[in-house]
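# Structural overview for review
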Amino acid sequence: MHEQLRTWWQRSWRDLAGVGSVVALACAYLSPALKDGGRFGSFDFVIPLTSLGKGTYAKPPFNHLNSDVVSQMAAWNLLDWRSIHAGRFPLWNPYSLLGVPHFLNFESAVLSLPDIVSYAVPAAYAFLVVVLVKLLIAGTGAYALARALGLRPFAASFAGIAFMLSGPFANWLTWPLSDTVAWAGWIAAFAVWLWRRPDRVRYGVGLAASVAFCLYGGFPEGNVFVLVLLGVIVIVLGLAWLVARAGAGWRAGARRAGAVLLSVVAGGLLAMPLWWPGMQILKLAHRQTEGRFPALPPKALSLLVAQGYYGLPTRSNPFFLKGWNYYESVSYVGVIALALAVPAIVRWWRRPVVLALAVACLAVLAVVYEPRSFHPLQDFLNSVAGQVQWERLRTVLGLPLGLLAGLGLSTLSSRQSRASLWSFGGAVLVLGAGVGIMAASPVGGTAATTVRARSLIWPAALVVLCVLCALWWLASERLSDRLSGRAGALHQQGQQRRRGSEALRRAPAGALWAGSAAFLLFAGVGINSYSHAFFPTTAAISTLQHTVGSAIVGTDTGNASAVQVFVPVGFYPNVNIAYRVTEFVGHDPVLPQKYFTTFAPETAKGGPGYFQPDIHSAAEARRYGISFVLVSFGLPPLPGGRLVTTVAGQRLYAVPGASRFTLSGGGRVRSQRSPAPGEYDVVTSSSAAGTLTARVTDVPGWHATIDGKPVSLEPTGGVMWSLHVPAGSHRVRLWYWPERLTQGLVMAGGGVVLLVAWFVGTVVVRRRRKRSRGWSRSRRAVAVAGAASESAVAP
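Rules used throughout
- Residues numbered from 1 in each chain as written.
- Predicted model: local features only at pLDDT ≥ 70, side-chain atom pairs only at ≥ 80, totals over all residues.
- Heavy atoms only, no water.
- Helix = DSSP H or I, 4+ residues; strand = E, 2+ residues; numbered from the N terminus.
- Buried < 20%, exposed > 50% of the residue type's maximum accessible area, 1.4 Å probe, protein only.
- Contact = heavy atoms within 4.5 Å.
- Core = buried A, V, L, I, M, F, W, Y, C linked by side-chain atoms within 4.5 Å.
- Patch = residues over 30% accessible without salt bridge, like charges linked within 9 Å, V, L, I, M, F, W, Y side chains within 5 Å.
- Areas by Shrake-Rupley, 256 points an atom, 1.4 Å probe, with all protein chains shown as cover.
- Salt bridge = Lys/Arg side-chain N within 4 Å of Asp/Glu carboxyl O.
- Lys, Arg positive; Asp, Glu negative; His and termini not counted.
- Charge placed at Lys NZ, Arg CZ, Asp CG, Glu CD.
- pLDDT = per-residue confidence, 0-100.
- Phe/Tyr/Trp six-rings, centres within 6.5 Å; stacked < 30°, edge-to-face > 60°.
- Pairing = 2+ DSSP bridges.
- Axes fitted to C-alpha atoms, helices over the stretch in contact; angles between N-to-C directions.
- Polar contact = N/O pair within 3.5 Å; in protein donor to acceptor, adjacent residues only side chain to side chain.
- Expected span 1.5 Å × (residues − 1).
- Disulfide = S-S within 2.5 Å.

## Overview of the overall build of the protein chain
Across its full length, the protein chain carries 27 helices and 20 strands. Per-residue burial over the protein chain gives 53% buried out of 795 residues. Contacts in the protein chain between residues far apart in sequence, at least 24 positions, make up 76% of those at least 6 positions apart.

Printed below as a string of structure tokens:
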């Protein structure tokens, strides 16, 4: 046992060190939480935006751009956390407008692996854990893929860190886009292992689980990006395999491809509880009305080497890339990664994997960067999928580029060829010239000049480091040649000298590894905001919570013509979720288009999924069951409303007679309650038949019964439901459970059955092969024994 443990340690310690470096840098990336607070998010920016949170933070916001982390992802993660800990599945969000689908909004990420892990920690630290797990999935996945492709642990750790901390990925960690992209490395790694050993079911299960978690991450754009990246790689590898085989080995290739395809299909089936009903909701969403998204201008290529060349989203830093913000253009991967990718391609371009990775990098760059006068590729992509923001394809660039850079690092440190060294030197000179041109480019304004000068410190230093490493390698090559020539017959002394020359070659590799890791870490570690207070409470927030309870709160901002513009009255949409206050506003990727066509038909097309309508009178409030209206300072009183109190200088009016459920025809609603989000129990009483109006959003999936008997629901008021109720006293029950969700669960069960059947079939085949081998051995033994006996008795 001791000897086995020793052998395992000798084989595994380098892998443990490689994975440990990835984990350590992921933790270092989140190290500001130790000083600034473990609550991840721009609370200092979003909370003061609301009329209820002014004065919460005395200092200016640290990150003045990334508001979505608090107003969407952190708030949704908190809703998930509370629901799971209450023993309920977060299928419905009752706090926005008249309620909206939550699990099916493709950004709540209820069943993504990072969110599942976050449910095990206190709510205040849950989102910090989500971000950490995303980093670990991306870094370890790229590491595993690099090892699967034959890279040594040192080079594989370089690839993992290059992908995990690359700007296009790390700066999107707060969005569910990174939930999906993070799995690209694991999907490819399991596919490679399964291709090589199609009889290993554990690789198939790993591939299916990776695909399922990638899909459960939501964010359809992210899944498209992973599909494009892996699709390009598979196409190039497939063509190369066909050319190399020239018609031979079809049976073995078909078996391997079938195993991979079977696993991918099983993973897709496992994710059907989200995707099958979710696509139905997505078709009704306002997001479908958005049009073409332009790609980045070619001058933004400078951001590949210089983080912050056009500014940063922190403090008072300006961002001056016209028409874009920081997060839609951030692309840094660093000088070292770009330079190391060149010798990998030059030395190993004949290998299909290297060619496929190079083509994938070029494909990403061709899609992301668009010359104004020539953009046929972007036009084609927008005609096929106009709702996809193709410039975000940058998020996957770090994976193929990191793998190529890791291979280049391994190539240069192991003395493969002079061409590799010279190509590395040439790449460094080109990148150095580019940095020089960037430094000399004219910039208007002192602030912009200062920002650019600071952003070029790291690229310039890394170019110098690359030059020194190239000179070191060149000198070590010549020294190694001399030592080898003088070794002569002194074999042992020659071996010692060769080990010394190998150490000389590895030293620059360590310097480049450290330089790249340091640049990527320090470029991103200071971008995110942290806070000691998790959704802090003010006196105004407490007053509103105590006054309105579970009732719906509307706003009157005095800006009725612009429902997609935020006016600081009440909570910023979705922030109210954290405080359990229902607000008649919404900011959601699957916000139903019906809200826009009902309240503002002229603005029903285009723009973000943000919705803040004005409620001008008590009559309008009663139409949608809004019991309270918060009126902005300086506006006239709410007609028909009753002034209750003043909250943060804004008047809060109660709306007499407003209710989520009302019964026409002289009847009344005796009681109404909500046992759980997306579920209502209503008791009615009337002397004649009437219509019960239910102020819940009209989306597929709602069901109703009267005294236990199913009844049909009819759309009413543009965004609500109604149902016919006969005379007398009745108990009406409404609940949200899409039929497609049931069908999706059945499909997921089919995926489990598929994997189990594959496992059982593999076990049966192995036993038959083992049995047949046993029979063959016994027959040979009998034949040998018979032959021996015959020879023994022969004269």
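## Details of the nonpolar core
In this structure, Leu 165, Leu 340, Phe 424, Leu 512, Phe 535, Tyr 579 and Trp 702 are the most contacted members of the largest nonpolar core, which totals 215 residues. The element best represented in this core is helix H6 (residues 123-148), accounting for 17 residues. Leave out the neighbours within four places in its chain, and Leu 340 touches Phe 158, Leu 404, Ala 405, Gly 408, Leu 409, Leu 412, Phe 424 and Leu 512. Ranked by size, the runner-up nonpolar core spans 25 residues in total, among them Ala 618, Leu 638, Val 655 and Val 719.

## Section: a positive patch on the surface
On the surface, Arg 202, Arg 255, Arg 766 and Arg 769 cluster together into a positively charged patch. Relative to the assigned elements, Arg 255 resides in helix H13 (residues 250-270).

## As for unusual backbone geometry
Backbone geometry places Leu 97, a non-glycine residue, at a positive phi of 55°. Tracing the sequence through the fold places Leu 97 in the loop between strand E2 (92-93) and strand E3 (100-101). Under the relative-accessibility criterion, Leu 97 is labelled buried at 0%. Of note in this structure, Asn 574 is not a glycine but carries a positive phi near 85°. Inspection of the secondary structure puts Asn 574 in the loop between strand E5 (552-556) and helix H24 (575-578). A residue is classified by how much of its surface remains accessible, and Asn 574, at 1% relative accessible area, is buried.

## Remarks on the confidence of the model for the protein chain
Parts of the model with low pLDDT should not have their predicted coordinates read in detail. The predicted model of the protein chain has a mean per-residue pLDDT of 88, with 89% of residues at 70 or higher. At the low end of the mean pLDDT range in the protein chain sits helix H27 (residues 739-793), at 73; at the high end sits helix H5 (residues 113-118), at 97. Scored below 50 in pLDDT, residues 487-494 shows three contacts in the model against residues more than four places distant or in partner chains. Throughout residues 787-795 the model reports pLDDT below 50, and contacts reaching past four residues in sequence, or to other chains, amount to zero contacts.

## Observations concerning the packing of aromatic side chains
Going through the model one piece at a time under the given rule, you end up with 41 aromatic pairs. Each ring, one from Tyr 595 and one from Phe 611, has its centre 5.6 Å from the other, and the planes form 50°; the classification is tilted. Placement of the pair is Tyr 595 in helix H25 (residues 593-599) and Phe 611 in strand E8 (residues 610-611), with a sequence separation of 16 residues. The same class applies to Tyr 595 as to Phe 611, namely buried.

## Thoughts on the sheet that holds strand E17 (residues 709-711)
An order of E13-E14-E20-E16-E17 is seen for the five strands of this open sheet, with the pairing classed as antiparallel. Either end of the sheet is taken by a strand with one partner, and the two such strands are strand E13 (668-676) and E17. With direction set aside, neighbouring strand axes in the sheet form an average angle of 25°.

## Re a nonpolar patch on the surface
Among the surface-exposed residues, Val 752, Val 756, Phe 759, Val 760 and Val 764 lie close enough to one another that they form a single nonpolar patch of about 410 Å² accessible area. Tracing the sequence through the fold places Phe 759 in helix H27. On the basis of relative accessibility, which here comes to 47%, the residue Phe 759 falls in the partly exposed class.

## A few points about the pairing of strand E19 (residues 720-725)
Within E19, five of the six residues are buried, leaving the element largely enclosed by the surrounding structure. Pairing of strand E15 (residues 690-694) with E19 involves five bridges; the strand directions are antiparallel. Bridge pairing in E19 places Thr 691 opposite His 724. Looking at chain direction, strand E18 (residues 714-716) and E19 are connected through three bridges and run antiparallel. Each residue of the ladder has a partner; that of Thr 716, found in E19, is Met 720. With antiparallel pairing between neighbouring strands as the criterion, E18 and E19 make up a hairpin whose turn holds three residues, including Gly 717 at a positive phi of roughly 65°.

## Some words on the side chain of Thr 140
Positionally, Thr 140 belongs in helix H6. A polar side-chain atom of Thr 140 sits 3.2 Å from a polar atom in the side chain of Trp 186. Those residues within four positions of Thr 140 in sequence are excluded, and the remaining contacts are Val 19, Val 22 and Trp 186.

## A look at H13
In this model, H13 (21 residues) spans 30 Å end to end at C-alpha, consistent with the 30 Å of a helix rising 1.5 Å per residue. Where H13 is concerned, the buried positions are Gly 253, Ala 259, Val 260, Ser 263, Ala 266, Gly 267, Gly 268 and Leu 270.

## What about the state of the cysteines?
Here the structure, examined in full by the defined rule, presents zero disulfides. Take Cys 469: it sits in no disulfide, and the sulfur closest to it among the cysteines is that of Cys 466, at 6.5 Å.

## Here's the deal with helix H19 (residues 418-440)
Its 23 residues place the ends of H19 33 Å apart at the C-alpha level, agreeing with the 33 Å of an ideal helix rising 1.5 Å per residue. Regarding H19, the residues found buried are Ser 420, Leu 421, Ser 423, Phe 424, Gly 425, Ala 427, Val 428, Leu 431, Val 435 and Met 438.

## With respect to the sheet that holds strand E10 (residues 642-647)
Judged by pairing direction, the sheet is mixed, and its five strands sit side by side in the order E6-E5-E9-E11-E10 without closing on themselves. Sheet topology places strand E6 (582-583) and E10 at the edges, where each strand pairs with a single neighbour. Two strands pair when backbone bridges link them, and E10 and strand E11 (residues 650-654) are joined in this way by five bridges, in the antiparallel orientation. Bridging across to E11, Thr 645 finds its partner in Leu 652. With respect to the sheet, helix H23 (residues 539-548) is in contact with E5, strand E9 (626-631), E10 and E11, its orientation differing from that of E10 by roughly 155°.

## Focus: the environment of Thr 547
Of note, Thr 547 is situated in helix H23. Assessed through its relative accessible area of 25%, Thr 547 is described here as partly exposed. Not counting chain neighbours up to four residues away, the residues in contact with Thr 547 comprise Phe 628, Val 644, Thr 645 and Leu 652.

## Brief notes about the pairing of strand E20 (residues 728-736)
As paired strands, strand E14 (residues 679-686) and E20 are joined by eight bridges and run antiparallel to one another. Along E20, the bridge assignment pairs Val 683 with Arg 731. Relative to E20, strand E16 (residues 702-706) runs antiparallel, the two being bridged by five bridges. Among the inter-strand pairings, Ala 704 is bridged to a residue of E20, identified as Leu 734.

## A few points about the pattern of salt bridges
When their charged atoms lie close together, side chains carrying opposite charge are able to pair. One pass over the full model with this rule turns up ten salt bridges. One salt bridge in this structure joins Glu 221 and Arg 392, with 3.1 Å as the shortest N-O distance. In this pair, Glu 221 is assigned in helix H12 (residues 220-245) and Arg 392 in the loop between helix H17 (376-384) and helix H18 (398-413), connecting sequence segments 171 residues apart. Within this structure, Glu 221, Glu 328 and Arg 392 form a network of salt bridges that share partners.

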